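Chain by chain, the residues:
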Amino acid sequence: MRVIGTAGHVDHGKSTLIQALTGIDPDRLREEKERGMTIDLGFAWLRLPSGLEASIVDVPGHERFIKNMLAGVGGIDTALLVVAADEGVMPQTREHLAILDLLGIDSGVIAITKRDLVDQDWLDLVMAEVEEVIAPTSLGGARLIPVAAPTGEGLDDLRDELDRLLTSERQRRQTGSPRLPIDRVFTMSGFGTVVTGTLVDGELHLGQDVEIVPTGRKARIRGLQSHRKQVERAPAGTRAAVNLSGVPVEEIERGNVLTSPGWLRATHVVDVRVRVVADGEWALKHNAQVSFHTGALDALGRLALLDSDELKPGESGWAQIRLDRPVPVVKGDLFILRLPAPNLTIGGGMVFDEHPKRHRRFQERVLDQLAVLEKGTPAERVLQALQTREPTELTELAGRLSNTWQEAREMLEPLLASGSIRVITAGSALSPNSLVVSAPGWERLLARVEDELQAYHLAHALRRGMPKEELRTRLSLEPRAFAPVERAILATSSISEDGPFLRLSTHQITLTTNQEQRVEALNAALTGAGASPPSRGDLRTQFDLSDELLQVLIDRGQIVEVGDDLVYTRQTYEQMVERIKQLIVEQGKITVAQARDAFGTSRKYALALLENLDEKRVTRRVGDERVLVESRLTR
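Trainee: When you look at the overall build of the chain in this model, what are you seeing that I'm missing?
Mentor: Regarding its fold elements, the chain presents 20 helices and 35 strands. Projected onto its principal axes, the C-alpha positions of the chain cover 125 × 55 × 45 Å. Within the span of the chain, comprising 635 residues, buried residues form 50% of the whole. Relative to all contacts within the chain whose residues are 6 or more apart in sequence, the contacts with residues 24 or more apart total 65%. Approximately 29,300 Å² of the chain is accessible, and the part contributed by carbon and sulfur atoms is 48%. Charge-centre separation for the chain: the mean point of 78 positive side chains lies 6 Å from the mean point of 91 negative side chains.

Trainee: Which parts of the structure should I look at to understand the pattern of salt bridges?
Mentor: Within the structure shown, the criterion is met by 35 salt bridges. Put simply, aspartate 547 and arginine 540 hold a salt bridge, and the shortest N to O gap is 3.0 Å. Assessed through its relative accessible area of 46%, aspartate 547 is described here as partly exposed. When salt bridges that share partners are traced, they join Arg448, Glu452, Glu470 and Arg474 into one network.

Trainee: How should the confidence of the model for the chain be read in this particular structure?
Mentor: Close inspection of predicted coordinates is inappropriate in any region flagged by low pLDDT. In this model, the chain carries a mean pLDDT of 86, and residues with pLDDT of at least 70 account for 92%. When the elements of the chain are averaged for pLDDT, helix H2 (residues 30-35) gives the smallest value, 37, and strand S6 (residues 143-146) the largest, 96. The model gives residues 61-73 a pLDDT under 50, and that stretch makes 51 contacts with residues more than four places away or in other chains.

Trainee: Please explain the packing of helix H11 (residues 439-459) against helix H13 (residues 479-490) as it appears in this structure.
Mentor: Packed helices, taken two at a time, are described by the angle their axes make and the gap between the axes. Following both chains from N to C, one finds H11 and H13 inclined at 80°, their axes separated by 11 Å at the closest point. The orientation of H11 relative to H13 falls into the category roughly perpendicular. Contacts between H11 and H13 involve Trp442, Leu445, Leu446 and Val449 from the former and Val485, Ala488 and Ile489 from the latter. Of the residues contributing to the contact of H11 with H13, the split by class is seven nonpolar, no polar and no charged.

Trainee: For this particular structure, what's the right way to read the sheet that holds strand S19 (residues 289-294)?
Mentor: Consider a sheet: its strands pair through backbone hydrogen bonds, and that pairing is either parallel or antiparallel. Spatial strand order, S17-S22-S20-S19-S23-S24: six strands in a closed barrel with antiparallel pairing. Taken pair by pair, the neighbouring strands of this sheet meet at an average axis angle of 45°, ignoring direction. Pairing geometry for strand S23 (residues 334-339) and strand S24 (residues 344-353), over six bridges, is antiparallel. Residue pairing for S24: leucine 337 is matched across the bridge by glycine 347. Relative to strand S22 (residues 316-327), helix H7 (residues 364-375) is tilted by about 90°, and along the sheet it contacts strand S17 (267-276), S22 and S24.

Trainee: Explain the environment of isoleucine 495 here, please?
Mentor: Structurally, the position occupied by isoleucine 495 is in strand S29 (residues 495-498). The sequence separation of isoleucine 495 and valine 449 amounts to 46 residues, and the corresponding C-alpha distance is 8.8 Å. Dropping the residues within four chain positions of it, isoleucine 495 is found in contact with Val449, Glu450, Leu453, Ile489, Leu490, Arg503, Leu504 and Ser505.

Trainee: Please clarify how the side chain of arginine 472 should be interpreted in this entry.
Mentor: With respect to the secondary-structure elements, arginine 472 resides in helix H12 (residues 468-475). Apart from residues lying up to four places away in sequence, arginine 472 is in contact with Leu477, Glu478, Pro479 and Phe482.

Trainee: Any chance you could explain the nonpolar core here in plain terms?
Mentor: Side chains that are nonpolar tend, in soluble globular proteins, to be buried together. Ranked by internal contacts, the top residues of the largest apolar core, which has 30 residues, are Leu81, Leu100, Ile110, Ile112, Val130, Ile134 and Leu144. Counting only elements with at least two residues in this core, the list comes to strand S1 (2-8), strand S4 (78-84), helix H4 (91-102), strand S5 (108-113) and helix H5 (120-134). Dropping the residues within four chain positions of it, valine 130 is found in contact with Val83, Val89, Ile110, Ile112 and Leu144.

Trainee: Any chance you could explain the environment of valine 257 here in plain terms?
Mentor: Relative to the helices and strands, valine 257 is located in strand S16 (residues 257-259). Residue classification places valine 257 among the buried residues on the basis of a relative accessible area of 4%. Note: C-alpha distance between valine 257 and proline 178 (79 residues apart in sequence) is 9.5 Å. In this structure, valine 257 is in contact with Arg179, Leu180, Pro181, Glu211, Ile212, Val213, Leu264 and Pro328, ignoring residues within four places of it in sequence.

Trainee: Any chance you could explain the sheet that holds strand S34 (residues 619-622) here in plain terms?
Mentor: Sheet architecture is open: three strands sit in the order S33-S35-S34, paired in antiparallel fashion. Only two strands of the sheet have a single partner each, and these edge strands are strand S33 (590-591) and S34. Against the sheet, helix H17 (residues 570-587) touches S33, S34 and strand S35 (625-628), its axis set at about 95° to S35.

Trainee: I keep staring at H13 and nothing clicks. Help me out?
Mentor: Three or four residues apart is the spacing at which side chains of an α-helix point the same way, because the helix has 3.6 residues per turn. A rise of 1.5 Å per residue sets the reference length of H13, with its twelve residues, at 16 Å; its end C-alpha atoms lie 16 Å apart and thus fit the reference within 8%. Taken together, the buried positions of H13 are Ala481, Phe482, Pro484, Val485, Glu486, Ala488 and Ile489.

Parameters and conventions
- Residues numbered from 1 in each chain as written.
- Predicted model: local features only at pLDDT ≥ 70, side-chain atom pairs only at ≥ 80, totals over all residues.
- Heavy atoms only, no water.
- Helix = DSSP H or I, 4+ residues; strand = E, 2+ residues; numbered from the N terminus.
- Buried < 20%, exposed > 50% of the residue type's maximum accessible area, 1.4 Å probe, protein only.
- Contact = heavy atoms within 4.5 Å.
- Areas by Shrake-Rupley, 256 points an atom, 1.4 Å probe, with all protein chains shown as cover.
- Lys, Arg positive; Asp, Glu negative; His and termini not counted.
- Charge placed at Lys NZ, Arg CZ, Asp CG, Glu CD.
- Salt bridge = Lys/Arg side-chain N within 4 Å of Asp/Glu carboxyl O.
- pLDDT = per-residue confidence, 0-100.
- Axes fitted to C-alpha atoms, helices over the stretch in contact; angles between N-to-C directions.
- Parallel < 35°, antiparallel > 145°, perpendicular 65-115°, else oblique.
- Nonpolar A, V, L, I, M, F, W, Y, C, P; charged D, E, K, R; others polar.
- Pairing = 2+ DSSP bridges.
- Core = buried A, V, L, I, M, F, W, Y, C linked by side-chain atoms within 4.5 Å.
- Expected span 1.5 Å × (residues − 1).

This is the structure in structure tokens:
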């Protein structure tokens, strides 16, 4: 399906021409009919001589409705620029032409309307003027066709030229997901919410689950129409009406984007390459307030020029635009900039990064990165996109590149073969969930891990290592990304695993002379206390012991932790365990009171010891008594 977009000054006969070509009046609003002027977008369709069917988007020509015009030109294949023979080139002719040029629309035809109102000499002057005006633009060299809608003069030639232009298939970017910028929202009785737009990417089909961005509302497609005909599917380039279930009309507005769930994130900041209208009178200055238009949306923004203080007419440069509301765009989207005061189109360009970091101006490194995004080889672009945030999953990387994951895989495979990237997840084949990292990025990540562990060992010399969760947090990795990263770093010789901890392989816990002396004193005190040692808190105070030093002794097995506040020496603990087992063998069972009496201690100690043996499955509680676990009886 192909789309024709009209352009031209107010009252130059666009709507009349469309009605003559199609038999459809595109002015759908009562106010438009009363005033004889298109205010909002109008729509019609046309069957061309070859049998090709094309949609026509009729846009308003009046200066006050340029915003509505911009909502209609984003998805067009061919422009139909209309110039009235009795007036010639007018202000909105030039502005519409500048917009088409900024959007790179190079397929078009110029209809010189109202041919019946002028003589041949005047017509020749007007056509010469039009040829001169369009020459430096993307429509330079386009055919000019005089037409008269009331008489039908020139209409067949115009249809033939449109047919010829639309025969060439337009190459559309494919993100792998549908994107329909919504330009109309309404309710139909018996159907509910309906949205319309031109599908710029992907495909829509009946029953599909979709998301409205940036609101995040989910819906399902219950009906699809194109040219008022029910269809099962709508491919990229189709002008479509979509009947949605699950979302009220009040929660959708023009400028929202209908897409598949979960991949498109709106943004408040974009990095762009901007070009100023060549024949304009205004320069674009740093920190200017601008109106940002792309697809069917517009938002106010503040423009920061990154490589100059101002751009004069015809000049281009890099900029970052901070927007006043979330905007759903992807890399490669085209946009138009207008100045709110005076109200005019000043420039436009392309989005190169839809989720950038904030940049300082005149930074050579930043400008070099942006230059790679614009002119670099596919390998350079994919490496740079990867290095902005790595490691990353292949599907996420594809989103940054505005490609499908299969296309991203094709770009990555030569880099994988050359060793420029590595796959961290299991297996070497690239799949949608593969976690990939550049070779320098992996070296930086490994060095970062080693630095973090080294610093941790210095700060906590008596600990076995850093808890894995703490390292994940310090590396700012998601849990599903950290798991394969952990496996990869453990495959190196420099990092070791110690239960729930990670440590440098060279890390060893070494006690100082003073600490060794305190440990000896502790052992002597615990041995002397027998079955009734001081509490853990009292031991810390008495021997100036830290929790970390006590944990070292527990990890080494020199002392045994029986309860939250109770420890024994290893020798004392094993003797007590053997005594308990012996008593149960002799008596068949043991109570807390019997254990207390056997060791000449208090109920607190006896109960803690028996609960510890229950936990270790040496004993099993039966009522108020303990018996040996069966496996222990057979030993």
